[in-house]
Amino acid sequence: MTTNRPLPILFLGDAAERGTGLGRIGRDLATLVSRMPQYRVGYLGLGGVGSRKLPFPTYCIQQVGGQWGEGVIERVWWDFAGRDAGVVMTIWDASRLLWFARPEFLPDTGLKTFLSSRHFLRWGYFPIDSTGPNDRLTSVTRDTLMGYDRIVAYTKWSDALIRRSIGDDAAQARQCDWFPHGINMGTFTPSSREEGRKMLSNRIHDNDILIGAVGTNQARKDWGCIFATVASLRTKVKRLKLWVHIDLDERYWSIPALASDYGLSDILEVSHELTDSQLALAYSACDVTLHPSSEGFGYPIAESLACGTPAIVGDYSGAGSAFEGTAALFVSPVAYRLDTLHNALRPVYEPGDWVTATLKLLEVPLERDACRASVSHLDWKNLWPSVVKKWFVTRHEELTC
Amino acid sequence: MLSLIIPTMGQPRMQECLATWHDKSVGLLQTLVVDNSVYNRGVLGSMRYGYEQSDTPYLAFIHDDVLMHEQAWDLRVLAEFDDPSVGVVGFGGALQLGHDDLYRTPYRLTNLARQGYCSNTDDAERHGTRETGSCGVATLDGFVLIARRSLIDTMGGFPVETWPPMHHYDHYLCLMARRHGYRVRMCGVRCVHLGGMTTVGMPEYKEYMRTTRYGTDVAAHVDGHVQLYETFRDVLPARVTR
C-alpha cells in the first residue's frame, strides 16, 4: 500500500461520546490521530448518536440484536474510505470480533465477501482483563487475534499474555506491542479536599476518613470485596465514609443491597454522572481509593493517583502491570476462579488484606505530589509524543515506504 | 579538515596522548588545547569554545587521556563523513540508549542506561564487545566525539547554560544528531583510553562542581538524567539494529 493521501483509519469500538472506558480511549486515540496529517480518521461506535464536538465523522451501531457492527460495516467503509485502502482499528475485547477478524468462519454472505476482500488492514488495541486456563488466552480470543495485521495491548502483562497465547512467530509477524492509556492530568489534578467533600455531600465532614471506589456495575468490578472491606474497616476506623461512583445502582450488583447487608447505608454516598472535573474533585476528597477489579488498564487508578490520592490495587491482570512502579499499593489475590462464557480467570481476594493495606496507608499517608508524579508518564502530554504517536508514525511508514 | 579539541586540566600524560594523534594521522589537523586548569569551562563549555574557535568542517572533541594506535585514523574517520547523513562519529558506542519501556512506565534513572556497547579500545571486552569495523549506533561514549560542523550549527551550538557541564554531553550530541535526521557511527579505531586522569574525587573538581547549579557531581548526574529524559522524548529510546 503506497499513497500520498492521508490513510483512512476507521476506529471501531464503543461510541466515542459514551462515558465507558472503551469509549473514552477510543475518543482520545481518534482525536489525537486525527491531528496527524498522515491519517484521515472516522469512527464507528456502538451505542452513541454522534457528536459535533468530535473532530472526525462518526457512524453509529445501534444497540440491537447484540451486533458489533456486522450489519453496517460495509456501508460505513464505502462511505468513509471510498476506493482508498485503509485501516480499521478496533478497540474492543477480542471476544466480540471473531466475525471481523476471521470472516472465513462466516456463512456465505455479502459480509463474508466484503471482509475477505482486504479493503483494509486490521489493527487492534486490545483490552485484556484476565487470562484463561493454563495462563493463556482462551481459544476464541486466540483465533481472533490471528486475524489481525497489527496487535497492540494495553499493558506489558497483556502483551506477554498475547505472545504466550499465539506464539512468538505470530506475535512478531503482527508487530505485537503495547502502550498504556493516557489521561488528561490538566483535568485530573489535586484539588482542595474540603471543596471536593462539599461537592460530594454535606454529610462528609473534614475530619472523616473517606474511602472512594469508582467503577461500572459489572461482575469483575468486585463491589462485594469493596463493601466487605469497608464494613471491616468501620470496626477499626472512626468517622469512616464511603463514596461510590457507579453507572447503575443495580445490574450485576445491587449497591443498595450491599450497603444494607453490610450495614453501610448510613455512611454511603453514591454518585452517577460526574464530569471529569467533578470526578477530580471527588478523588481529591478521598483519603484512599480501592480497586479490586480485573482491569485491562484501570482509568480510576490513574485518575486517583493523578489527583494525589493513594490507590490500593488488586495485583492481577492489566492494572497490576500498568501501575507497577507507581505509588499504588498492591494486594495479591488468594485464589482464582474461572468465570463467564470466555473462561476468564478472576482473582479472589481476602477483604482482610485490603483492610490491612488501607490501615497501612492511613497510618502513613503518601504525599500527594508523590502520587501524582508516579503517573506523570501517563499524562497525554507526555505519553502521546513519546510513545503512542511514534507507534502510529511507524505503522504509517511501514505502509508507505 | 579536522580540528582536535582537547579540554584538559593539565594531566601529566596529555602531551604524550596528543602527540600520538598527530603521529598517526595522515592529513593536517588543527589542534586546540582548551586549558581548564585555571578557569574550568567544563566539558560542554570547552566543546563550545572549540566549536567557536576552530573553522574546520569536522570537529573531534577528545579526552586528554586517549592514546592513538591506528595509523591513518583520520582517513578512516573522514571516510565515514563521506556519507552526508552521518553527523557524529566516535570510537565507542552503544546500540541502544534507553529501555524500550522508558516512557511507558514511571521514570527510573536506570532505564536510561545504554546497551550493546562496542569499541576497539585495548580493554574493549571489559566494557562490551570488540568491534574493529564500523557500525551505526544509538549513542557514543564521550571520550571521542567527532561531529560535522553543520550539525552543530543546526543544533544551535552547545547548551552550556542549561545542560550539566560534565555529564551526558555525548548523549546530547548524538540525540541531537538523530533529531535532525543524522546518523551516528562507531568506528573501531585502535586506541587506548587511559581513564581516571581527571576523576570526580579530585578536590579541584569537587570545588568546581560546588560553583555550578548542581552543587555536586551526583546531583549533576541525577538531574542530568532527568533532563535527558525530558528533552529527548521525540528520539528516545534510541536503538540501532546491526
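The coordinates are above.
One structure accompanies this document, and this report is about it. All values reported here derive from a predicted model rather than from experimental measurement. (Residues numbered from 1 in each chain as written. Chains lettered and ligands numbered in written order. Predicted model: local features only at pLDDT ≥ 70, side-chain atom pairs only at ≥ 80, totals over all residues. Heavy atoms only, no water.)

Our next topic: helix H2 (residues 42–53) of chain B. Each α-helix winds once per 3.6 residues, and so residues spaced three or four apart point in a common direction. For H2(B), spanning 12 residues, the distance from its first C-alpha to its last is 16 Å, which sits close to the expected 16 Å at 1.5 Å a residue. Looking only at H2(B), the buried set comprises Gly42(B), Val43(B), Leu44(B), Gly45(B), Ser46(B), Met47(B), Gly50(B) and Tyr51(B). (Helix = DSSP H or I, 4+ residues; strand = E, 2+ residues; numbered from the N terminus. Expected span 1.5 Å × (residues − 1). Buried < 20%, exposed > 50% of the residue type's maximum accessible area, 1.4 Å probe, protein only.)

Residue placement: Ser386(A) occurs in helix H16 (residues 380–400). There is a polar contact of 2.9 Å between the side chain of Ser386(A) and the side chain of Arg233(B). Residues in contact with Ser386(A), not counting those within four places in the same chain, are Tyr103(B), Arg233(B) and Leu236(B). (Polar contact = N/O pair within 3.5 Å; in protein donor to acceptor, adjacent residues only side chain to side chain. Contact = heavy atoms within 4.5 Å.)

Residue and element names in this part refer to chain A. Packing of helix H9 (residues 223–234) against helix H14 (residues 351–363) leaves a shortest axis separation of 9 Å and a crossing angle of 60°. Comparing the axis directions of H9 and H14 gives the class oblique. Crossing geometry of H9 relative to H14 is assigned as right-handed. For the pair H9 and H14, the contacting residues are Cys 225, Ala 228, Thr 229, Ser 232 and Leu 233 in the first and Pro 351, Trp 354, Val 355, Thr 358 and Leu 359 in the second. (Axes fitted to C-alpha atoms, helices over the stretch in contact; angles between N-to-C directions. Parallel < 35°, antiparallel > 145°, perpendicular 65-115°, else oblique. Left-handed = near helix turned anticlockwise from the far one by under 90°.)

For helix H8 (residues 217–231) of chain B, which comprises 15 residues, the first-to-last C-alpha distance of 20 Å matches the rise-based estimate of 21 Å (1.5 Å per residue) to within 8%. Turning to H8(B), its buried residues are Asp217(B), Ala220(B), Gly224(B), His225(B), Gln227(B), Leu228(B) and Tyr229(B).

All names here are of chain A. By the criterion of burial, strand E1 (residues 7–14) is predominantly enclosed, with eight of the eight residues buried. The sheet contact formed by E1 and strand E2 (residues 39–46) spans eight bridges and is parallel. Along E2, the bridge assignment pairs Ile 9 with Val 41. In this view, the connection linking E1 to its parallel neighbour E2 by way of helix H1 (residues 21–33) has right-handed handedness. As judged from the five bridges shared by E1 and strand E4 (residues 86–91), these two strands associate in the parallel manner. By the bridge assignment, Phe 11 is partnered in E4 with Met 89. (Pairing = 2+ DSSP bridges. Right-handed = clockwise from strand over helix to strand, strands pointing away.)

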